[in-house]
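Residue-level structure breakdown
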There are 2 protein chains.
Amino acid sequence: MSIQHTVVFRLAHAPGSSEEAEFLADARAALTSIPGVEDFRINRQVSPKSDLAHQFTMLFADDAAYQAYNDHPTHVSFVAERWVPEVAEFQEYDFVEA
Amino acid sequence: MSIQHTVVFRLAHAPGSSEEAEFLADARAALTSIPGVEDFRINRQVSPKSDLAHQFTMLFADDAAYQAYNDHPTHVSFVAERWVPEVAEFQEYDFVEA
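None of these values were measured; they are calculated from a predicted model. (Residues numbered from 1 in each chain as written. Chains lettered and ligands numbered in written order. Predicted model: local features only at pLDDT ≥ 70, side-chain atom pairs only at ≥ 80, totals over all residues. Heavy atoms only, no water.)

Residues and elements named next belong to chain A. With their axes 10 Å apart at the nearest point, helix α1 (residues 18-32) and helix α3 (residues 73-86) run at an angle of 165° to one another. As judged from the angle between their axes, α1 and α3 are roughly antiparallel. Viewed along their axes, α1 and α3 form a crossing whose handedness is left-handed. Of the residues in α3, those in contact with Glu-22, Phe-23, Asp-26, Ala-27, Ala-30 and Leu-31 of α1 are Thr-74, His-75, Phe-78, Arg-82, Trp-83 and Glu-86. Its residues assigned to classes, the contact of α1 with α3 shows six nonpolar, two polar and four charged. (Axes fitted to C-alpha atoms, helices over the stretch in contact; angles between N-to-C directions. Helix = DSSP H or I, 4+ residues; strand = E, 2+ residues; numbered from the N terminus. Parallel < 35°, antiparallel > 145°, perpendicular 65-115°, else oblique. Left-handed = near helix turned anticlockwise from the far one by under 90°. Contact = heavy atoms within 4.5 Å. Nonpolar A, V, L, I, M, F, W, Y, C, P; charged D, E, K, R; others polar.)

A few words on empty space enclosed by the protein. Throughout the structure, instances matching the rule amount to one cavity of 30 Å³ or more. Taken as a whole, the largest cavity holds about 50 Å³ of empty space. Around the largest cavity, the lining residues are Gln-4, Thr-6, Val-8, Gln-55, Tyr-93 and Phe-95 of chain A together with Gln-4, Thr-6, Val-8, Gln-55, Tyr-93 and Phe-95 of chain B. Contributions of two or more residues to the lining of the largest cavity are made by β1 (3-11) and β4 (87-97) of chain A together with β1 (3-11) and β4 (87-97) of chain B. Per-class residue counts for the lining of the largest cavity are six nonpolar, six polar and no charged. (1 Å grid on protein atoms, 1.4 Å probe; cavity = no way out; pocket = protein on both sides within 12 Å on 5 of 7 lines; lining within 4 Å. Points joined across faces, edges and corners; volume = space filled by probe spheres on them.)

Turning to the sheet that holds strand β2 (residues 38-45) of chain A, a few remarks are in order. Around the barrel, eight strands lie side by side as β1(A)-β3(A)-β2(A)-β4(B)-β1(B)-β3(B)-β2(B)-β4(A); this closed barrel has antiparallel pairing. In this sheet, adjacent strand axes meet at a mean angle of 35° when their direction is disregarded. Sheet strands touched by α3 of chain A: β1, β3 (54-60) and β4 of chain A. Its angle to β4 of chain A, the strand with the most contacts, is close to 110°. (Pairing = 2+ DSSP bridges.)

This paragraph deals with the relation of the copies chain A and chain B. When chain A is fitted onto chain B, the two copies agree to an RMSD of 0.0 Å after a turn of 180° and an axial shift of 0.0 Å. A rotation of that kind, with that shift, is consistent with a two-fold axis. When each C-alpha of chain A is compared by its distance to the rotation axis, Gln-91 of chain A comes out closest, at 5.3 Å. Most of the interface of chain A is mirrored in chain B, where 100% of its interface residues are also at the interface. (Least-squares fit on C-alpha atoms with pLDDT ≥ 70 in both.)

We now examine the pattern of salt bridges. All names here are of chain B. All chains considered together, the criterion is met by ten salt bridges over all chains. Across the pair Glu-89 and Arg-10 runs a salt bridge, and its minimum N-O distance is 3.0 Å. Of this pair, Glu-89 sits in strand β4 while Arg-10 sits in strand β1, and the two are 79 residues apart along the sequence. Exposure remark for Glu-89: the relative accessible area of 30% places this residue in the partly exposed category. Asp-26 is paired through a salt bridge with Arg-82; the nearest N and O atoms lie 2.7 Å apart. Of this pair, Asp-26 sits in helix α1 (residues 18-32) while Arg-82 sits in helix α3 (residues 73-86), and the two are 56 residues apart along the sequence. What makes Asp-26 partly exposed here is its relative accessible area of 30%. (Salt bridge = Lys/Arg side-chain N within 4 Å of Asp/Glu carboxyl O. Buried < 20%, exposed > 50% of the residue type's maximum accessible area, 1.4 Å probe, protein only.)

Let's shift gears to the interface of chain A and chain B. The interface is formed by 19 residues belonging to chain A together with 20 residues belonging to chain B. Overall, the association of chain A and chain B removes approximately 1900 Å² of surface from exposure, summing both partners, and the carbon and sulfur fraction of that is 54%. Three residues, Arg-44, Tyr-93 and Phe-95 of chain A, lead the burial of chain A against chain B; their summed loss comes to 28% of the area buried on that side. Where chain A touches chain B, the interface holds two salt bridges. (Buried area = accessible area lost by both parts, 1.4 Å probe.)

What is shown is where atoms sit, not what they do.
Right, dumping it as structure tokens:
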């Protein structure tokens, strides 16, 4: 069963800054290079009921593809080198059809 | 610009209960009857990094369609009569393409 992996987040960088644009572009390049990542998208979160500002969403064909992504060295290094220092707040959710 | 309106939530009802099934079915019937609601889906939230268990997601063609939904009497009465008493915890997010 296909899994939609999502994370909603707010950066430490100022909205509209070059650091923000660079983070989003680098994330797209890194994460879409990982095998199994399908339909990767970056959305803006616009509800005033949350102060998170961005969403990454991607699809995996199954749990094995999702696990391989999590363990992939490109993902692991992206989390350590970019996500942890540059993201101020986040929440992950994974969705499957009910 | 199309808007994806979402809410991730946990019910006061026991997982797998008839009350849970009834809430989800009644929500689908009520909310999909409202003009402007497109691609309504109910998903299960399966990441252990959140204790929320369900997601409603729907698309609106524009802000006017979203506002009309919010103000529609079927939505207002669903929130007052079912959502408030039966939902234990929730978070809304709205997404637009970056």
